[in-house]
Amino acid sequence: MSLDSDLMSEVQFECSICLDVFSNPVSLPCGHSFCQACIGGYWDSTDLCLCPLCKESFQERPKLRINRSLSEFAEFFKKKKGGASGPEQPCAKPGQVACDVCTGPRLRAARSCLVCLASYCEGHLAAHSARFSKHLLVDPLPNLEDRMCPKHQRPLDLFCKSERTCVCVQCAKPDHRGHTVVSVEDAVQEFKTLLRKSVTEVHHMIHERVRKVEEIGQSVELSKASAEREAATGSQVIGELLSSVAAVRSRLTEAIEGQQRAACRRAEGLVGDLNHEICDLKSRNADLDQLLHTKDCIHFLQASVCGFSSLSALPHMKDWSDIAVHADLCVDTTRTAISQIEKTLKKLLQKLSESELRKVQQSAVDVTLDPSTANRWLVVSEDGKQVREGDREQDVPDGPERFSDCACVLGKEGFSSGRRYWEVQVGDKTDWDLGVASQSANRKGDIEVSPEEGYWTMCLRDGTEYSACANRSFTLAPPARPRTVGVYVDYEAGQISFYNVDARSHVYTFHGTFSGTLYPFLSPYLSAGARNSAPLVISPIGIEIGTAD
C-alpha cells in the first residue's frame, strides 16, 4: 500500500469527536466507532444517550468494549505518522481555555466551535476545519455548554427580541410564537449598531467634558490673572490710603509741634513781662525799705511828707489773674486729621464701588416675573417686567407656588449655581422689598422675611427707613436715595449684595450658604393710596445680557 493511500485511508480511523486517530476505539450498537474517552465524555455532558453522528438514541447506556481490530489499525497509522509533529504548543494555564480533544496534557485552545461546542488547539483545529469548514469559529470561550439549550440540547442560534433571550430552533416554534425572533448574527449586528451609537454618544460626552475641563482650566488662568489684578488694585488702594494716612500724620505732628512752639513763645513773652514787673516792684520795695529804716526822724518825716503819696501808692501793674498757659493745646487737631482720612477713605470706597458694580454687571441676566407666584392683589405686566398692587383681587387659580397673604412675586427663572445680577427701578416709592427667595420658602399666610426662612432682602419703609431684613434687622444709611437698586448673587460664594445704581455705590451684602434653587423676589408693598402706587420695574441694563456661568 502506497504512502498516499495510507494517508487517505487514515481518515477512516479518525474519531469524529476528537478528530484524531482512534485511541482505545469502541463501537456503538448503530455501528459507529469513537474513542472510549470521547464517547464517555460526550454522554457525561448530556442527559440523552445517543450517537453523535446518526443521533440514534439508546434507552440505556450500552456496555462498550474496545474494538481490538480497529485499535490495531489505529496504532498502525499512529506509528506511520512517526515524528512528524509540528512545533511544541503551550499547555493551557489556569484561567485559559484548554483543548477539549487532547487526551494527554491539554494544550491551550486556539479557537472554539459554536456548532460542535468544543475548543481546539492548533493541531486539532486543522483537522476540524478540514472536515467542517462551515462551522462558526470564535476566539476561545469557556463554558460552551452554556450556549446549548438546556431543554433541547440544541445550539442557541436564535434571539427572541420580545423576551430578549437566546433560544434554539425548537424553542422558537412553540414557546415564542408571535415574538420577533432573529438569528443570533442579526441580533449581534443590531446590538452592535446600538453600541456604536452609544460609543458615538459617549465620545461626544467625553469631548464635551474634555472641552469643559479646558474651559475650566482657562477660567482658572483668567481667575489667576483677575486675582493678580485685584491684588494689584488692592495694594494700590491700600498704598494710597497709607500715603494719605502718612501725610495726615505728618501734618498732624507738624500742627501739634507748631502749636507747641507758639505756646512756648507766648509763655516766654509772658515770663519776660512778669520779670520786668518783678524788677520794678523790687526797686520800689528797696526804696520803701530804706525809708522805713531811716533813724533821723526829721529826715524821715520830710521824706515821707514829700514822697508819701508816690511811695505808698502801689504801682500800676497788669492783671495776671486770668492769664494762663494751658497744658492741653490740641483739642480738635486729631479729630480734624481723622476727618481728612475719612474723606480720603470715602473717595477710595466710592472708586472701589464703581469698579465693583461694573464687574457684577457682567453677570446680568434677563429677569421675568412669574404671574403664577404673584399674590392675587398684584398685577404683573404682560411682558413680566413690572408689578404693582391692583385695585381689586385678581381672579386667578390658587396653587402652592402663589403667595396667599403677602404682596410678593418671584421671577420665573430659578438658579442653583453661578452668578446673577439684575436691576429694579424703585423710583420715588415709599415702601418696597427686593432680594431673593429659596424655592422651599413659605409662601402662605404671614411670612417672616429672613435668611433663616429662606429670604435675603433689602427693604424701605415710610420713605426713609432702609434695612437689611433678618431676625435682627440692620438699619442701612445709603448716602443717597436709590432710585434703581442692583441685586447681585454669587451662589457658590454665598453672597447677596445690593447696590445703589444711581450713586454707583454698595449698600449691603448678606453672607451665608445656599442650598436648593433661588428666585428673584419683589414686593411693591401696599399702595397706601397714591403715595406708593408706582410699580416696581425690572430695569434693562446697559450691557450685553446673557446667562451667567
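Residues numbered from 1 in each chain as written. Predicted model: local features only at pLDDT ≥ 70, side-chain atom pairs only at ≥ 80, totals over all residues. Heavy atoms only, no water.

J.: Looking at this structure, how should I read the sheet that holds strand β13 (residues 432-438)?
T.: One key point about sheets: their strands pair by backbone hydrogen bonds, in either a parallel or an antiparallel sense. Reading across the sheet, the six strands line up as β11-β20-β13-β14-β15-β16 and stay open at both edges, with antiparallel pairing between neighbours. Two strands bound the open sheet, and with one partner strand each, they are β11 (409-410) and β16 (474-476). As paired elements, strand β14 (residues 455-461) and strand β15 (residues 465-469) share five bridges and run antiparallel to each other. The residue bridging leucine 460 from the neighbouring strand is tyrosine 466, located in β15. (Pairing = 2+ DSSP bridges. Helix = DSSP H or I, 4+ residues; strand = E, 2+ residues; numbered from the N terminus.)

J.: What should I look at first to understand the pattern of salt bridges in this one?
T.: With the rule as written, the count across this model stands at 11 salt bridges. Between aspartate 490 and arginine 419 there is a salt bridge, with its nearest N and O atoms 3.2 Å apart. Of this pair, aspartate 490 sits in strand β17 (residues 484-490) while arginine 419 sits in strand β12 (residues 419-425), and the two are 71 residues apart along the sequence. The closest approach of N and O atoms between arginine 483 and aspartate 428, which form a salt bridge, is 2.3 Å. Linking arginine 483 in the loop between β16 and β17 with aspartate 428 in the loop between β12 and β13, this pair joins segments that are 55 residues apart in sequence. One connected set of salt bridges, linked through shared partners, spans Arg211, Lys212 and Glu215. (Salt bridge = Lys/Arg side-chain N within 4 Å of Asp/Glu carboxyl O.)

J.: Looking at this model, I keep getting lost on the packing of aromatic side chains. Mind explaining?
T.: For any pair of aromatic rings, geometry is given as the distance between the ring centres together with the angle between the planes. The tally for this structure, following the rule as stated, stands at nine aromatic pairs. A ring pair is formed by phenylalanine 159 and phenylalanine 191, whose centres lie 5.6 Å apart and whose planes are at 85 degrees; its orientation type is edge-to-face. In this pair, phenylalanine 159 sits in strand β6 (residues 158-160) while phenylalanine 191 sits in helix α6 (residues 184-292), placing the two residues 32 residues apart along the sequence. Judged by its relative accessible area of 10%, phenylalanine 159 is buried. The partly exposed category is assigned to phenylalanine 191, whose relative accessible area is 30%. Geometrically, the ring pair formed by phenylalanine 474 and tyrosine 508 is stacked, given 6.0 Å between the ring centres and 25 degrees between the ring planes. Of this pair, phenylalanine 474 sits in strand β16 while tyrosine 508 sits in strand β19 (residues 505-511), placing them 34 residues apart in sequence. Here the aromatic residues Phe474, Phe498, Tyr508 and Phe510 are joined through ring pairs into a cluster of three or more. (Phe/Tyr/Trp six-rings, centres within 6.5 Å; stacked < 30°, edge-to-face > 60°. Buried < 20%, exposed > 50% of the residue type's maximum accessible area, 1.4 Å probe, protein only.)

J.: What am I meant to see in helix α2 (residues 36-44) here?
T.: Among the residues making up α2, those that are buried are Cys38, Ile39, Gly40 and Trp43. Looking at the buried side of α2, the elements it contacts are β1 (25-27) and β2 (33-35). (Contact = heavy atoms within 4.5 Å.)

J.: How should I be thinking about helix α8 (residues 333-360) in this particular structure?
T.: Count 3.6 residues to each turn of an α-helix, and residues three or four apart come out pointing the same way. Over its 28 residues, α8 extends 40 Å from the first C-alpha to the last, a length consistent with the 40 Å expected when each residue adds 1.5 Å. When we look at burial in α8, the residues that qualify are Thr333, Ala337, Ile341, Leu348, Ser353, Leu357 and Val360. Of the surrounding elements, those touching the buried residues of α8 are α6, β12, β17, β18 (495-500) and β19. (Expected span 1.5 Å × (residues − 1).)

J.: Mind showing me how you'd approach the nonpolar core here?
T.: Most often, soluble globular proteins keep nonpolar side chains buried together rather than apart. In this structure, Trp422 and Trp432 are the most contacted members of the largest nonpolar core, which totals 36 residues. Leave out the neighbours within four places in its chain, and tryptophan 422 touches Val365, Val367, Phe415, Gly435, Val436, Val485, Gly486, Val487, Val489, Pro520 and Ile541. Membership of the second largest hydrophobic core comes to 28 residues, among which are Val21, Phe77, Tyr120 and Cys121. (Core = buried A, V, L, I, M, F, W, Y, C linked by side-chain atoms within 4.5 Å.)

J.: What should I look at first to understand the pairing of β12 in this one?
T.: Successive side chains on a regular strand alternate, one facing one side of the sheet and the next facing the other. Burial analysis of β12 places five of its seven residues in the buried class, which makes it a mostly covered element. Taken together, the seven bridges between β12 and β17 define a ladder with antiparallel strand orientation. Of the residues in β17, the one forming a bridge with tyrosine 421 is tyrosine 488. Where β12 meets strand β21 (residues 536-539), three bridges bridge the pair, whose relative direction is antiparallel. Bridged to glutamine 425 within β21 is valine 537.

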